[in-house]
Amino acid sequence: MSAFALLGLTLRARRRRLLVLGAFALLFLAAAVAARVLVSDADGHVDPDRLFMVGGYPLVSAMLLFGWLLGRFPLIATLVLMAGLASDDRRDGLARLYAVRPVSPLAVYGVRAVTLGAVAFLFCGALLPLFDLILIGTWAGPATLVLVASYVLVYGGLTALLSVWSRGDAWLALLCAIASMVWDALRRADMLTVPPGTRDLVTFVLPPQAALFELEGAFGSLQPIPWDAFLYVAAYGLVMFALAGLSLAKRDLA
Amino acid sequence: MIEFVGAGKRFVSGPRPWRGPVTIDALKDVTLSIPEGGAWGVVGPNGAGKSTLFALLLGFLQPTSGAVRIRGLAPRRYVRRHGAAYLPERFRVPGEWRVRPALVALARLEGLRPDVAARRADEALQRLGLEPFADREVRTLSRGVLQRLGLAQALLGERELLVLDEPTEGLDPLWRIKLRAILEEQRAAGRTILLASHDLAEVERVVERVVLLDGGRVREVFETALAGGKGATRGPLRYRLELAGTARELEEAFPGAVPVGPGEPGAYRVTVADEAELSTRLGALIAAGGVVSAVLPETEPLEARVQRALGSGGEAT
C-alpha cells in the first residue's frame, strides 16, 4: 500500500523529537538507578525513610515529582510525537503534494497516526515498567500498558482532530488536558457551580479524565483493570480519530 | 477538457475582537475552456488570483460560485482518480528528508510499485541534474536545486495534467533553458500544461495561450507565436518584409505596407490575416517582379500586450 511509503520519512522528520523523548526517559531511569543505589533497603527496594535521611524533603519531593511526571509521560510523548500530524503538511504545502496523487489522504494520515501512536505506546510501554522495576523491583503488569494505550488513544485522537483545524494542535490538546484535570478535580470536590446540563456536556466533551484517573488508580495500586473505564476512553479516542478523518476529507486545503 | 464556468472564490476571515470579518474575492466569475493538450500560461499582478485558480483547478479549494470541471468530473474526483503533476509556488519539504528517498516515497504515492518508483526517481534525478544531491538532506540544498527537486517530484507520475506555479523561480539561466526543453517534451507528448509566472518573456517562449488575470477576473486571453495557425481567434499577423530591389510592386501586393524607418531602406512592415494570405500576397509580389530577401514574423512582446491590457493603472506582473 503506497500510503506506507512515507513512514520512513515521517520518522526521520521526527527524529529530534524522538531524541528529546529518549533523553527525558534516560533522566527518569537515571533518577531511579540513583535512588536505588543510594537508598535501597535490605530487599533492594528504595526506602523512603533513607531517602529522607539523605536529602530531606527536597529529595523526597523530587522523587514524588518524578513519579507524578512519569504518570504523565504517555500524555507528553503522545503530544510531542503527534504534534503537527496534519497541520505541518498544510503549513508547508506538502498536503497539496499528497492531494494531487491518487492516494487517499485518509490512508496517508491514518498510517502516520497509527505509526506515531505505536511509537509512543512502545516508548512508554518500555519506560514505565522499567522505571518501576528499578525503583520498587516489580511492575504493575498489564495495567501499565492499558494506561499507556488509553493516553495514546485519547490524546492521539484529540491531537489528530485539532491538527486538521489548527497549527497549535498539541498546545490546544495540552490545554484540553489541563482543563479536564482541573474540571475533574472541581467535579470530584463538588465545587462546580454550573447547571447540571452544562456540567454533563463539558464533562462529555473534555478528555475523559475521570476514566483516566480510574485507570491510573489501578496502575498505582496494582488493582484489577477497570475495563469499562478503558472502553470509555477507547471510544472517546476512536470518535476523535473518526472526526479527524471526516474533517480531513471535507476541509479545503487552503 | 478543463472548464471554469463562472467560477468564483470568496475568502472570509473570521471576526477578530478588534474588527469584523474580512471578505476577499480572490476569483470572480471566471469562465475559461481549456482543451486537452497544449500549454497555457496564467499571468497577472500579485494577488490577481493565479494560485487560487490553480487551487480550484486541483480541488484544493471549492468554488464559492460557479463550477470547475476536468473531463466532466469535479476536480477533486478527477485528481483522486487520475492524479496531476503539481509544483507549488513555494516548494517545501521537511529539511530532514533526503533527496532520493523523498522522490522514491512520492513516486510510491503515485501508486507505482517499489521497483518502478525507484527507477522513476532515478530518472527524475538524472533529468533534473540532481544526482550529485541524491543523498543530501533537503535543508542543505540551494534555492535553485530545491526548485529542481520540486520539478522532479512533479514529473514522477507522468500525468496528463501539469500545473506549475512559478516553475522558473530560483532557476539559473541554464536550467531555465532546460526546463523549456522539458516542457516542450511534455507538450509534444500531448499533455496539458498550465503554468503561472511573472516572467512574461519565459511564458511567451513555452505556452500557446496566456490568460491574463487581474483583480480575480479574466482580463484577456492572448495567443503567442507558438499557437501557430491553430486558433481562429488570433489577431492579424505582422511581418517585416525586406526587398532587394525597388518597392514598386509592393504597393499592389501589400496595399497597407509601411516603411520600417528611414535608416532601413527596403524594409517594410506588412499586416495579413493569416499565413495563407501572406503566401498569396508574396506570390503576387514575386510574380510581379519583386525580389524578396527576407520575411520575418513580428510579434508584439507579451509584456507589451499585458501592459496595454492592464492599462496605465495596472501593476506590471
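A short tour of the structure in this document, coming up. (Residues numbered from 1 in each chain as written. Chains lettered and ligands numbered in written order. Predicted model: local features only at pLDDT ≥ 70, side-chain atom pairs only at ≥ 80, totals over all residues. Heavy atoms only, no water.)

A separate point is the side chain of Gln147 of chain B. Residues and elements named next belong to chain B. Position of Gln147 relative to the elements: it lies in helix H5 (residues 143–155). Within the structure, Gln147 has its side chain in polar contact with the backbone oxygen of Pro167 (distance 3.1 Å). Every residue in contact with Gln147, bar those within four places of it in the chain, is listed here: Leu87, Glu166, Pro167, Thr168, Glu169 and Leu171. (Helix = DSSP H or I, 4+ residues; strand = E, 2+ residues; numbered from the N terminus. Polar contact = N/O pair within 3.5 Å; in protein donor to acceptor, adjacent residues only side chain to side chain. Contact = heavy atoms within 4.5 Å.)

Residue and element names in this part refer to chain A. Here Arg90 lies in helix H4 (residues 87–92). Buried within the structure, Arg90 lacks any salt-bridge partner; Asp252 is the closest side chain of opposite charge, at an N-O distance of 7.6 Å. Every residue in contact with Arg90, bar those within four places of it in the chain, is listed here: Ala95, Ser163, Val164, Arg251, Asp252, Leu253 and Ala254. (Buried < 20%, exposed > 50% of the residue type's maximum accessible area, 1.4 Å probe, protein only. Lys, Arg positive; Asp, Glu negative; His and termini not counted. Salt bridge = Lys/Arg side-chain N within 4 Å of Asp/Glu carboxyl O.)

All names here are of chain B. Strand order in the open sheet formed by six strands is S5-S6-S7-S3-S8-S9, and the pairing between neighbours is mixed. Each edge of the open sheet carries a strand with a single partner, namely strand S5 (85–87) and strand S9 (217–223). The average angle at which neighbouring strand axes cross in this sheet is 15 degrees, direction not considered. Across five bridges, strand S6 (residues 161–165) lies against strand S7 (residues 192–196) in parallel orientation. Residue pairing across strands places Leu162 opposite Ile193, the latter belonging to S7. Sitting on the sheet, H5 is in contact with S5 and S6, with an inclination near 165 degrees to S5. (Pairing = 2+ DSSP bridges. Axes fitted to C-alpha atoms, helices over the stretch in contact; angles between N-to-C directions.)

The subject of this paragraph is the pattern of salt bridges. If you walk through the whole model with that rule in mind, you get 33 salt bridges over all chains. In this structure, Arg187 of chain B engages Glu184 of chain B in a salt bridge whose closest nitrogen and oxygen atoms are separated by 2.8 Å. Placement of both Arg187 of chain B and Glu184 of chain B in helix H6 (residues 173–188) is noted, with a separation of three residues, approximately one turn of the helix. Judged by relative accessible area, Arg187 of chain B falls into the buried class, the value being 14%. Three or more residues joined by partner-sharing salt bridges are found here, namely Arg12 and Arg15 of chain A together with Glu96, Glu137 and Arg139 of chain B.

Residue and element names in this part refer to chain B. Phi is positive for Asp29, which is not a glycine, with a value near 50 degrees. On the basis of relative accessible area, Asp29 is assigned to the exposed category, the value being 52%. The backbone of Glu158 sits at a positive phi, close to 50 degrees, despite the residue not being glycine. Examined against the element boundaries, Glu158 turns out to sit in the loop between H5 and S6.

Turning our eyes to something else, we now look at the packing of helix H8 (residues 169–188) of chain A against helix H10 (residues 209–221) of chain A. Residues and elements named next belong to chain A. As a packed pair, H8 and H10 sit with axes 9 Å apart at the nearest point and diverge in direction by 80 degrees. Taken together, the axis directions place H8 and H10 in an arrangement best described as roughly perpendicular. Across the interface between the two elements, Ala177, Ser180, Met181, Asp184, Arg187 and Arg188 of H8 pack against Gln209, Ala210 and Phe213 of H10. For the contact of H8 with H10, the class distribution of residues is four nonpolar, two polar and three charged. (Parallel < 35°, antiparallel > 145°, perpendicular 65-115°, else oblique. Nonpolar A, V, L, I, M, F, W, Y, C, P; charged D, E, K, R; others polar.)

If you look at the interface, chain B gives 33 residues, while chain A gives 28 residues. Interface area, chain B with chain A, both sides summed: about 2800 Å², of which 57% is carbon and sulfur. Three residues, Phe60, Trp97 and Leu109 of chain B, lead the burial of chain B against chain A; their summed loss comes to 27% of the area buried on that side. The interface formed by chain B and chain A includes six salt bridges. Residues Asp92 of chain A and Arg92 of chain B are paired through a salt bridge, measuring 3.2 Å at the closest nitrogen-oxygen approach. If you look at where chain B meets chain A, you find 13 residue pairs in polar contact (both at pLDDT 80 or more). Counting residues per element, the ones that place at least two in the side of chain B that touches chain A are helix H2 (75–82) and helix H3 (99–109) of chain B. Classifying every residue of the side of chain B that touches chain A by side-chain character gives 18 nonpolar, three polar and 12 charged. (Buried area = accessible area lost by both parts, 1.4 Å probe.)

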